[in-house]
Amino acid sequence: MIWNPPAADKHTEQALAAYIADEIGPAEDDDRTTSTAYRRELAEAITAFIRRQHPAFAASSPGGAINRDAGLPTEYLLLLIGRALWSVGEDQAARRLLEIHAPALNLPATFVEAVWAKDVSMLHWHILLSTRAVRISPLTGALSGTLWVLDLERMVLPAPTSLELLALNVVRTVIDRVASLWDHCQGRGLLGLRHANTLAAGMLGCPRHGAKSRALAADIREQVRQRLLTLKTARGWNDTPQVIMLDL
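Residues numbered from 1 in each chain as written. Predicted model: local features only at pLDDT ≥ 70, side-chain atom pairs only at ≥ 80, totals over all residues. Heavy atoms only, no water.

Asker: When you look at the overall build of the protein in this model, what are you seeing that I'm missing?
Answerer: On a plain count of helices and strands, the protein comes out with ten helices and four strands. Of the regular secondary structure in the protein, the N- to C-terminal order runs α-α-α-α-α-α-α-β-β-α-β-α-α-β. Burial statistics for the protein: of 248 residues in total, 48% are counted as buried. Restricting the contact set of the protein to residue pairs at least 6 apart, pairs at least 24 apart contribute 64%. Accessible area of the protein: about 11,900 Å², with a carbon and sulfur share of 54%. (Helix = DSSP H or I, 4+ residues; strand = E, 2+ residues; numbered from the N terminus. Buried < 20%, exposed > 50% of the residue type's maximum accessible area, 1.4 Å probe, protein only. Contact = heavy atoms within 4.5 Å. Areas by Shrake-Rupley, 256 points an atom, 1.4 Å probe, with all protein chains shown as cover.)

Asker: Please explain helix α5 (residues 91-101) as it appears in this structure.
Answerer: Think of an α-helix as turning once every 3.6 residues; residues three or four places apart then point the same way. Looking at α5, one finds that the buried residues are A93, A94, L97, L98 and H101. Take α5 and look down its axis: the buried residues cluster within an arc of 130°, on one side only. (Arc of directions from axis to C-beta.)

Asker: Where do I start with the sheet that holds strand β3 (residues 190-194) in this structure?
Answerer: Across a sheet, strands are paired by hydrogen bonds formed along the backbone, either parallel or antiparallel in direction. Within the open sheet, the four strands sit side by side as β1-β2-β3-β4. Their pairing is mixed. In this open sheet, the two edge strands, each paired with only one partner strand, are β1 (134-136) and β4 (242-245). Neighbour-to-neighbour, the strand axes of the sheet open up by a mean angle of 30°, direction not taken into account. Relative to β4, helix α10 (residues 211-235) is tilted by about 165°, and along the sheet it contacts β3 and β4. (Pairing = 2+ DSSP bridges. Axes fitted to C-alpha atoms, helices over the stretch in contact; angles between N-to-C directions.)

Asker: I would appreciate a short explanation of helix α9 (residues 196-204) in the present structure.
Answerer: Extensive coverage of α9 is indicated by the burial of seven of its nine residues. Looking only at α9, the buried set comprises A196, N197, L199, A200, A201, G202 and M203. Where α9 terminates, the next one or two residues include G205, which has phi positive at roughly 70°.

Asker: Explanation requested: the confidence of the model for the protein in the structure shown.
Answerer: Detailed reading of predicted coordinates is not advised where the pLDDT is low. In this model, the protein carries an average pLDDT of 75, and 77% of its residues clear a pLDDT of 70 or more. Predicted confidence in the protein is weakest over helix α3 (residues 57-60), with a mean pLDDT of 50, and strongest over β4, with 93. Here residues 1-10 scores under 50 on pLDDT; set against residues more than four positions off or in separate chains, the count is 33 contacts. Below a pLDDT of 50 lies the segment residues 58-70, which in the model reaches 32 contacts outside its immediate sequence neighbourhood of four places, other chains included. (pLDDT = per-residue confidence, 0-100.)

Asker: Teacher, can you tell me more about the packing of aromatic side chains here?
Answerer: To describe a pair of aromatic rings, you give the distance between the ring centres and the angle between the ring planes. One pass over the structure, following the stated rule, counts one aromatic pair. Measuring from centroid to centroid gives 6.1 Å for W182 and W237, while their planes differ by 65°, and the two rings are edge-to-face. You can see W182 sitting in the loop between α8 (164-177) and β3 and its partner W237 sitting in the loop between α10 and β4, a full 55 residues away along the chain. Both residues of the pair, W182 and W237, count as buried. (Phe/Tyr/Trp six-rings, centres within 6.5 Å; stacked < 30°, edge-to-face > 60°.)

Asker: So what exactly am I meant to see when it comes to the pattern of salt bridges here?
Answerer: Inspection of every chain in the model, using the stated rule, returns six salt bridges. For D176, the salt bridge goes to R227, with nearest N and O atoms at 2.9 Å. One end of the pair, D176, is in helix α8; the other, R227, is in helix α10, and 51 residues separate them in sequence. Here R227 falls in the partly exposed class, since its relative accessible area comes to 25%. Put simply, E222 and R225 hold a salt bridge, and the shortest N to O gap is 2.9 Å. Of this pair, E222 and R225 both sit in helix α10, three residues apart, which is roughly one turn of that helix. Classification of E222 by relative accessible area gives partly exposed; the value is 29%. Note on R225: relative accessible area 32%, which makes it partly exposed. (Salt bridge = Lys/Arg side-chain N within 4 Å of Asp/Glu carboxyl O.)

Pasting the structure below:
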């Protein structure tokens, strides 16, 4: 699911449309014959959708693969194509596309389902994925469910100028934005907080393993846990994601 754009910018949109048309093919219904012309038309519509969302996309990585360092994150491009398919009524093709590529990108079913959530925009996913503020952990287990990681250091500047209330508001806002990750599994899973001690130490101006920074990190964890309990009631989950600290 990596697209290599040509060096010439004027040909990028046509190349992207051709790439998307090739990606759509395996996701189409085997019982439905789709003409090449229709597939190309659909791919061009998706390309236009992507260009409206990211007008600088073509120039972001001339001649290089799309990855976290240049252009759009690969998993985000997949979600963007899936959302575009869904928006034009190609629901089943969108689901099959995501299901085909999700294993290679280590994306669980919860993430595939979250792409359809009406309360999460593609802009939010782009910000969270491109900054790696939210990511899947390889520690996912069948018994405990999917482990999602919030990297607090990538969300809030860990400096004395960062007010505690502001930092907590940022964390709560991000949790609200990604709450749909647990809709499919009814709240079952894990949420890992990374760099909580680093953030706390930077805000307080004290050692990372000092008593004050550990206390603030614990308070952040408790605030996150309480927010998830509130979301459990609001979204009708059966369970609540367990909050764990990843860098004690």
